[in-house]
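Tertiary structure, described
Now for the letters of each chain:
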Amino acid sequence: MTSAHYDIILIGAGLSGIGTACHISAEHPDKQLAILERRERMGGTWDLFRYPGIRSDSDMASFGYTFKPWYSDKVLARGDDIRHYVAETARQFGLEDKVQYGLHIQRADWSGEHQRWTLTAVHESSGEERTFTCNFLVNCAGYYNFDEGYRPRFDGEEAFAGPVIHPQHWPKDLDYTGKNVVVIGSGATAITIVPAMTDRAARVTMLQRSPSYIMALPDLDKLSMALGRVLPKRWVFRLARQRNILFQRALYLACMRWPNAMRRFMLNHMRKRLGPDVDMRHFSPSYNPWEQRLCAAPDGDFFEAVRSGKATVVTDHIDHFTEQGIVLKSGEELPADIIIAATGLDLQLMGGLEIRLDGEPVDLTRKMTYKGMMMQDVPNYAWIFGYTNAPWTLKCDIGGQYLCRLFRYMARNDLAVARPVNSQGVDSDDGMLDDFSPGYISRARDRMPRQGKSGPWRVTMHYGKDRKMLLREPVDDGVLQFEALPKSAPHSPDFSEAESYG
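Below: a short report on this structure. (Residues numbered from 1 in each chain as written. Predicted model: local features only at pLDDT ≥ 70, side-chain atom pairs only at ≥ 80, totals over all residues. Heavy atoms only, no water.)

Notes on the overall build of the protein
If you tally the helices and strands in the protein, you get twelve helices and 25 strands. What you see for the protein is a C-alpha radius of gyration of 24 Å, in line with the 23 Å of a compact globule of 502 residues. A principal-axis box enclosing the C-alpha atoms of the protein has dimensions of 75 × 55 × 45 Å. Residue burial in the protein is summarised as follows: out of 502 residues, 55% are buried. Within the protein, counting contacts between residues at least 6 apart in sequence, those at least 24 apart form 72% of the total. Averaging the coordinates of the 61 positive side-chain charges in the protein and doing the same for the 63 negative ones gives two points 6 Å apart. (Helix = DSSP H or I, 4+ residues; strand = E, 2+ residues; numbered from the N terminus. Rg over C-alpha atoms; globule rule 2.2 N^0.38 Å. Buried < 20%, exposed > 50% of the residue type's maximum accessible area, 1.4 Å probe, protein only. Contact = heavy atoms within 4.5 Å. Lys, Arg positive; Asp, Glu negative; His and termini not counted. Charge placed at Lys NZ, Arg CZ, Asp CG, Glu CD.)

Now the structure itself:
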């Protein structure tokens, strides 16, 4: 068994982990920082998923880091581009040698006596158990199970002669040239895979139980391209970022305020893209826009695939599989050589980490979130959870800056521990994402932390409000309770007092 101590440990070397580490390392270069990553490469989601067409469904001007402009004419970046962007950012900020790979973090134990965390990890390739201690723990492990996606079992599945593939585990050598492919699902993954496979497949059929809202977005940012001819690149990036953030927020608010009007708008948008002969029953969701996330189609590629006849959409329920394909409840049979089960994610918050305080397990489903960043009664622990209604990394950026503010405050006041405590008795309301209803969230209601009815215990999912709360309001707000470092303690969090650069 090996052991090492750090001032700050971050779990996860994806977009959230690297972005947060950039903020912390820039302000506190003298601190011992470690990033523990389960995979063998950095990139997180963008290293894991390798299915055809994998891309972001958020524009890269606002999805990228505010401190690392994404200079590209592309609106929606491809998965490999994002992974390279994360790795390039890590190199630029000197984080490459701070990442330790292949470590499955199983448990985090807080000692009130020593005011530190002890992490128990397994180095998966060797089976060696390793322990790490730190003063402050930041969990950036994401929101879903990296081991397995959500994969329902279907009657007669064992009879099917071809492969049944979940996009989370895409085979490197899959050859679908000239094959009949059925894609089960109608979410963002299915909307991406279907047009990407039409170049080689004989036929691609998307089988859905219910439709989703799909919005065509330009693949190139022509306005920024034009402005780039007369303005500095950094100015163009900032303008695009601000424009896109405002557009996304306005679209979301319009959907919340005028759901019927926005539903008509979205249906008309899809009808125009699909052409006059479309059967809109396959493109008319039962829910209102933004009750689930909108799906993006760069340059309307999904609509073009359907309109050209290269792809077909079928709305029905599966009865059973056969050797040759799928029999539907209606009696129709879909012939298939390959079936793609784009059936969603299995939600797993914080990487499935078990948390203990002085030996007692913590049930996070009974705890409220504090400022969407920390957990009720859990000391020196932050977690990065992005937005469901805006680009994920917007929250990561201001979350990293908030942590730097917190560390500065603790250093100035010789404090060692920060713990959110519900001393005012704010009532717990519901799950932190109960207003958001995609399948992977609905299936995991019982695994979610709570949120309060008011104050910093309420999850806003609002970039403007969060920016004010995290970056402007006092750190010492009467909710965070602090403890000083005992003189006998061997390690001090001694965070520097540099100003935030973000």
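Structural notes on empty space enclosed by the protein
Tallying each qualifying case throughout the model produces one cavity of 30 Å³ or more. Forming the boundary of the largest cavity are 15 residues, of which G372, F385, K395, V459 and M461 lie nearest the centre. Classifying every residue of the lining of the largest cavity gives seven nonpolar, four polar and four charged. (1 Å grid on protein atoms, 1.4 Å probe; cavity = no way out; pocket = protein on both sides within 12 Å on 5 of 7 lines; lining within 4 Å. Points joined across faces, edges and corners; volume = space filled by probe spheres on them. Nonpolar A, V, L, I, M, F, W, Y, C, P; charged D, E, K, R; others polar.)

A few points about the environment of D7
Note that D7 resides in strand β1 (residues 2–11). A relative accessible area of 8% places D7 in the buried class. At 2.8 Å, the side chain of D7 forms a polar contact with the backbone nitrogen of Q32. (Polar contact = N/O pair within 3.5 Å; in protein donor to acceptor, adjacent residues only side chain to side chain.)

Quick word on the sheet that holds strand β14 (residues 325–328)
An order of β13-β14-β15 is seen for the three strands of this open sheet, with the pairing classed as antiparallel. The sheet is open, and its two borders are formed by β13 (318–321) and β15 (333–335), each paired with just one other strand. Each strand of the sheet is rotated relative to its neighbour by a mean of 25°, with strand direction disregarded. Both β14 and β15 contribute to a ladder of three bridges, which runs antiparallel. Within β15, the residue paired with V327 across the bridge is E333. (Pairing = 2+ DSSP bridges. Axes fitted to C-alpha atoms, helices over the stretch in contact; angles between N-to-C directions.)

Concerning unusual backbone geometry
The bulk of non-glycine residues show a negative phi, and the bulk of peptide bonds are trans. The phi dihedral of Q115 is positive, around 55°, even though this residue is not glycine. By secondary structure assignment, the location of Q115 is in the loop between β4 (103–111) and β5 (116–123). Residue classification places Q115 among the buried positions, given a relative accessible area of 7%. One non-glycine residue, D414, lies in positive phi territory at about 55°. When you line up the elements, D414 lands in the loop between α10 (392–412) and β22 (415–420). Residue class for D414 comes out exposed when judged on its relative accessible area of 61%.

Re the packing of aromatic side chains
In this structure the tally under the stated criterion is 25 aromatic pairs. Ring centres of F154 and F321 lie 5.2 Å apart, and the angle between their planes is 10°; on these two criteria the pair is classed as stacked. Residue F154 is found in the loop between β6 (128–139) and β7 (164–165), and its partner F321 is found in strand β13; the two are separated by 167 residues along the sequence. Relative to W457, the ring of Y370 has its centre 5.8 Å away and its plane inclined at 65°; by these criteria the two rings are edge-to-face. With Y370 in strand β19 (residues 369–370) and W457 in the loop between β24 (450–452) and α12 (463–471), this pair connects stretches of sequence that are 87 residues apart. If you follow K233 out to its NZ or CZ, it ends over the ring of Y71, 4.4 Å from the centre. Residue placement shows R257 over the ring face of W258; its charged tip is 5.7 Å from the ring centre. (Phe/Tyr/Trp six-rings, centres within 6.5 Å; stacked < 30°, edge-to-face > 60°. Lys NZ or Arg CZ within 6 Å of the ring centre and 35° of its normal.)

Concerning helix α4 (residues 79–92)
For α4, with 14 residues, the first-to-last C-alpha span of 20 Å sits near the 20 Å given by 1.5 Å per residue. Along α4, the positions that sit buried rather than exposed are G79, I82, R83, Y85, V86, A87, T89 and A90. On the buried face of α4, the contacting elements are α1 (15–27), α2 (45–48) and α3 (60–63). Trailing α4 by a residue or two, G94 shows a phi angle of about 65°, which is positive. (Expected span 1.5 Å × (residues − 1).)

Observations regarding the environment of M266
In this fold, M266 is placed in helix α8 (residues 259–274). For M266, a relative accessible area of 0% puts it in the buried group. In the structure, M266 is positioned 186 residues away from D80 in sequence and 30 Å away in space, judged by C-alpha atoms. When sequence neighbours within four positions are dropped, the list of residues in contact with M266 reads Y213, I214, M215 and P289.

Some thoughts on α10
Helix length check: α10 (21 residues) gives 31 Å between terminal C-alpha atoms against 30 Å at 1.5 Å per residue, within 8%. Along α10, 20 of the 21 residues are buried, which leaves the element largely enclosed by surrounding structure. Positive phi shows up at D414, right after α10, with a value of about 55°.

A few points about the sheet that holds strand β16 (residues 338–341)
One open sheet holds the five strands; their spatial order is β7-β16-β8-β9-β12, and the pairing between them is parallel. Every other strand in the sheet has two partners, leaving β7 and β12 (311–315) as the edge strands with one partner each. In this structure, β7 lies alongside β16, joined through two bridges in parallel fashion. When the bridges of β16 are listed, I165 appears paired with I340.

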